[in-house]
Amino acid sequence: MEEIEVIIVGAGPAGLATSACLNVQSIPNIVLEREDSYASLWKKRAYDCLKLHLAKQYCQLPHMPFPSNTPTFVPKAGWLSYLDNYVSRFEINPRYHRLVESASYDEKDGKWCVKVKNTNLDECEVYVANFLVVATGENSEGFIPHIEGIQSFEGEILHSSKFRNGSKFSGKDVLVVGSGNSGMEIAYELSKSGANTSIVCRSPVHILKREIVYLGMSLLNFFPCKFVDSIVVFLAKIVYGDLSNYGLQTPSKGPFYLKRITGQSPIIDVGTLDKIIKKEIQVLPSLKCVRRNKLEFVDGKSNKFDAIIFATGYRSTVSEWLKNGNDLFDGVSGLPKQLYPNHWKGSNGIYCAGFGRKGLYGISMDAQNIARDIISNLRSCKSD
Ligand SMILES: Cc1cc2nc3c(=O)[nH]c(=O)nc-3n(C[C@H](O)[C@H](O)[C@H](O)COP(=O)(O)OP(=O)(O)OC[C@H]3O[C@@H](n4cnc5c(N)ncnc54)[C@H](O)[C@@H]3O)c2cc1C
Ligand SMILES: *[C@@H]1O[C@H](CO)[C@@H](O)[C@H](O)[C@H]1NC(C)=O
Ligand SMILES: *[C@@H]1O[C@H](CO)[C@@H](O)[C@H](O)[C@H]1NC(C)=O
């Protein structure tokens, strides 16, 4: 058993940022990570062509801005090397192969007890701490919805987190389910690699060029959301025309309003839309059921496919291991009960970083808030 001031679960950007903020103030902390490296989402579960969707000033972690020669939209390799520098600069040493299996608060001694499986040695370890920071991510595990007959499918089924590039799908008929950023980008890659690509777009989406999003985010510093939304939607109409001609619906509410209220991000177009307009990518309605290699859609049509890629999002796994964290987390979704900006702090010294549905920008805020709160707690204890 090991005792420490703070335990951080997860060595993604949120865990790293929190550890850095604590290290700067010399608060002892341990980062526990189930994989064999930090930022495993970015190293192992992100496709090759991925770039950060937001401009660099919204993606940097606390205490270390990007160098001025970094491009505005940082590619995956640049982001990973930034994280390498971050980890060595703030001397963060996550403990790897540590799968947290349970964490519970002991009322009697007022401490968190964290049970961990060391998957390298196949042994159990126990850690005890005054503070617990949950940083396991909103995207802990790929989510695939249930579809009737899916087990009879004769082709390949893949979650977007396992997709790297389109080379092996060349010449194949591939269906991408889900029209979020991952789905749109993967459809583009597939089509470029010579796959006959279709995409299921079920719900209305805003599709914008990243330069327009960047402009919008800059305008938000000076103008109300409603006004910025109307400019952004107007510009998108000029660039793309009426998208309903291609089977794509646009929400009635504006993109920044939706981001604020629902956390749903607009789609940043990487070239998919152009391919949809040129009919190089087909847009299809919801998938109804699967019969061996035939997929049936809700409009009654059916087609043969060789592979289905589910870009249907992720889910949090917090509720599987966190006991009595109920005032902070919803037991079913594994997401915070309170919305941003009140989502990050519970009682008894529990916090969460990276659950504000605000991407890397939100992570930076969470890490700094948490470190500040822990430090002020420790100070007030000392003066008692
Ligand atoms: C394809 C993709 C593209 C994205 N692009 C952007 C973008 O451009 N801009 C942006 O701001 N955001 C983007 N995001 C959102 C992105 O997830 C976050 O910005 C960021 O990676 C979240 O960091 P995190 O530390 O909260 O979670 P993660 O990066 O998911 O890290 C959580 C860590 O916790 C570990 N873990 C989980 N459960 C346990 C356990 N029980 N025990 C021990 N360790 C555990 C995981 O292995 C993981 O390493 C993207 C997400 C995806 C999936
Ligand atoms: C595509 O990914 C495979 C691994 O899945 C890799 O071997 C190959 O080099 C990649 N191709 C390209 C063009 O990057
Ligand atoms: C491509 O896929 C669509 C949708 O399944 C299908 O209608 C079309 O015939 C396919 N095109 C070719 C060239 O196979």
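Residues numbered from 1 in each chain as written. Chains lettered and ligands numbered in written order. Predicted model: local features only at pLDDT ≥ 70, side-chain atom pairs only at ≥ 80, totals over all residues. Heavy atoms only, no water.

Looking at an unreviewed UniProt entry, one finds the protein chain named Flavin-containing monooxygenase and attributed to Turnera subulata. Taken verbatim from the UniProt record of the protein chain, the Sequence similarities (unreviewed entry) comment is "Belongs to the FMO family." UniProt lists a comment for the protein chain under the heading Pathway (unreviewed entry), and it reads "Plant hormone metabolism; auxin biosynthesis." (UniProt positions renumbered as here; feature names shortened; annotations may be inferred.)

Q: Any chance you could explain the pattern of salt bridges here in plain terms?
A: Oppositely charged side chains may form a pair once their charged atoms are brought near each other. Evaluated as defined, the whole model comprises 20 salt bridges. A salt bridge links K111 to E3; the nearest nitrogen and oxygen atoms lie 3.1 Å apart. Separated by 108 residues along the polypeptide, K111 in strand β4 (residues 111-118) and E3 in strand β1 (residues 2-9) bring together distant segments of the chain. Accessibility expressed as a relative area gives 49% for E3, which makes it partly exposed. Residues E280 and K275 are paired through a salt bridge, measuring 3.1 Å at the closest nitrogen-oxygen approach. Under the relative-accessibility criterion, E280 is labelled partly exposed at 37%. Using a relative accessible area of 13% as the deciding quantity, one classes K275 as buried. Connected through salt bridges with shared partners, the residues R34, E35, D36 and K44 form a single ionic network. (Salt bridge = Lys/Arg side-chain N within 4 Å of Asp/Glu carboxyl O. Helix = DSSP H or I, 4+ residues; strand = E, 2+ residues; numbered from the N terminus. Buried < 20%, exposed > 50% of the residue type's maximum accessible area, 1.4 Å probe, protein only.)

Q: What is the right way to read the nonpolar core from this model?
A: When a protein is soluble and globular, its nonpolar side chains tend to lie buried together. By size, the foremost hydrophobic cluster in this structure holds 69 residues, and its most contacted members are W79, L83, Y86, F169, L190 and I374. Ranked by residues supplied to this core, first place goes to helix α10 (residues 359-383) with 8 residues. Looking at this core, you find at least three residues from each of domain 1 (2-140 + 314-383) and domain 2 (144-310). For I374, the residues in contact, after removing those within four places along its chain, are V6, L22, I27, F131, V133 and Y351. In terms of nonpolar packing, the next biggest core, distinct from the first, is built from 23 residues, L32, V134, V318 and L328 among them. (Core = buried A, V, L, I, M, F, W, Y, C linked by side-chain atoms within 4.5 Å. Domains from an automatic or database assignment. Contact = heavy atoms within 4.5 Å.)

Q: Would you take a moment to explain helix α4 (residues 181-192) for this structure?
A: In an α-helix there are 3.6 residues to a turn, and that puts residues three or four apart on one side. In a regular helix each residue adds 1.5 Å, so 12 residues correspond to 16 Å; α4 covers 17 Å between its end C-alpha atoms and thus fits that length. In terms of burial, α4 is largely enclosed, as 9 of its 12 residues are buried. Listing the buried residues of α4 in full gives N181, G183, M184, E185, I186, A187, E189, L190 and S191. (Expected span 1.5 Å × (residues − 1).)

Q: Explain the site of ligand 1 here, please?
A: Surveying the vicinity of ligand 1 reveals 31 residues, the closest of which are E33, W42, H53, N139 and L360. Within the backbone of A14, an N or O atom sits 2.8 Å from an oxygen atom of ligand 1. One of the backbone N or O atoms of H53 is found 2.7 Å from an oxygen atom in ligand 1. Protein burial of ligand 1: of its 980 Å² of free accessible surface, 93% is covered by the chains. Mapped onto the shell around ligand 1, the elements with two or more residues apiece are α1 (13-24), α2 (40-44), β3 (98-106) and α10. Within the shell around ligand 1, the residues separate by chemical class into 16 nonpolar, 11 polar and 4 charged. (Near = heavy atom within 4 Å. Polar contact = N/O pair within 3.5 Å; in protein donor to acceptor, adjacent residues only side chain to side chain. Areas by Shrake-Rupley, 256 points an atom, 1.4 Å probe, with all protein chains shown as cover. Nonpolar A, V, L, I, M, F, W, Y, C, P; charged D, E, K, R; others polar.)

Q: I'm lost on helix α5 (residues 210-219) in this one. Help?
A: When we look at burial in α5, the residues that qualify are I212, V213, G216, M217 and L219. End-on view of α5: buried residues confined to an arc of 160°, all on one side of the axis. Packed against the buried residues of α5 are β10 (207-208), α6 (225-240), α7 (255-262) and β11 (267-268). (Arc of directions from axis to C-beta.)

Q: Any chance you could explain the sheet that holds strand β14 (residues 294-297) here in plain terms?
A: Two pairing modes exist for strands in a sheet, parallel and antiparallel, and in both the strands are linked by backbone hydrogen bonds. The strand order across the open sheet formed by 3 strands is β13-β14-β15, and the pairing between neighbours is antiparallel. Each having just a single partner strand, β13 (287-291) and β15 (302-304) make up the two edges of the open sheet. When strand polarity is set aside, the average angle formed by the axes of neighbouring strands in this sheet is 25°. Across 4 bridges, the pairing between β13 and β14 is antiparallel. Of the residues in β14, the one forming a bridge with L287 is F297. (Pairing = 2+ DSSP bridges. Axes fitted to C-alpha atoms, helices over the stretch in contact; angles between N-to-C directions.)

Q: I keep staring at the packing of α1 against helix α3 (residues 76-89) and nothing clicks. Help me out?
A: Packed helix pairs are specified by the crossing angle of their axes together with the interaxial distance, meaning the distance between the axes. Between α1 and α3, whose axes approach to 11 Å, the crossing angle comes to 30°. On the basis of the axis angle, α1 is roughly parallel to α3. Judged by the sense of rotation from one axis to the other, the crossing of α1 with α3 is left-handed. The segment α1 lies against α3, with P13, L16, A17 and A20 engaging W79, L83, Y86 and V87. Split into classes, the residues belonging to the contact of α1 with α3 amount to 8 nonpolar, no polar and no charged. (Parallel < 35°, antiparallel > 145°, perpendicular 65-115°, else oblique. Left-handed = near helix turned anticlockwise from the far one by under 90°.)

Q: Whenever I open this one, unusual backbone geometry confuses me. Can you help?
A: The phi angle of most residues is negative, glycine excepted, and most peptide bonds adopt the trans form. Residue Y340 is joined to P341 through a cis peptide bond whose omega torsion reads 5°. Tracing the sequence through the fold places P341 in the loop between α9 (318-321) and β18 (350-352). With a phi angle near 55°, S26 is a residue other than glycine that sits in the positive phi range. Residue position: S26 is located in the loop between α1 and β2 (29-32). The phi dihedral of R357 falls on the positive side, at around 55°, and the residue is not glycine. Of note, R357 is situated in the loop between β18 and α10.

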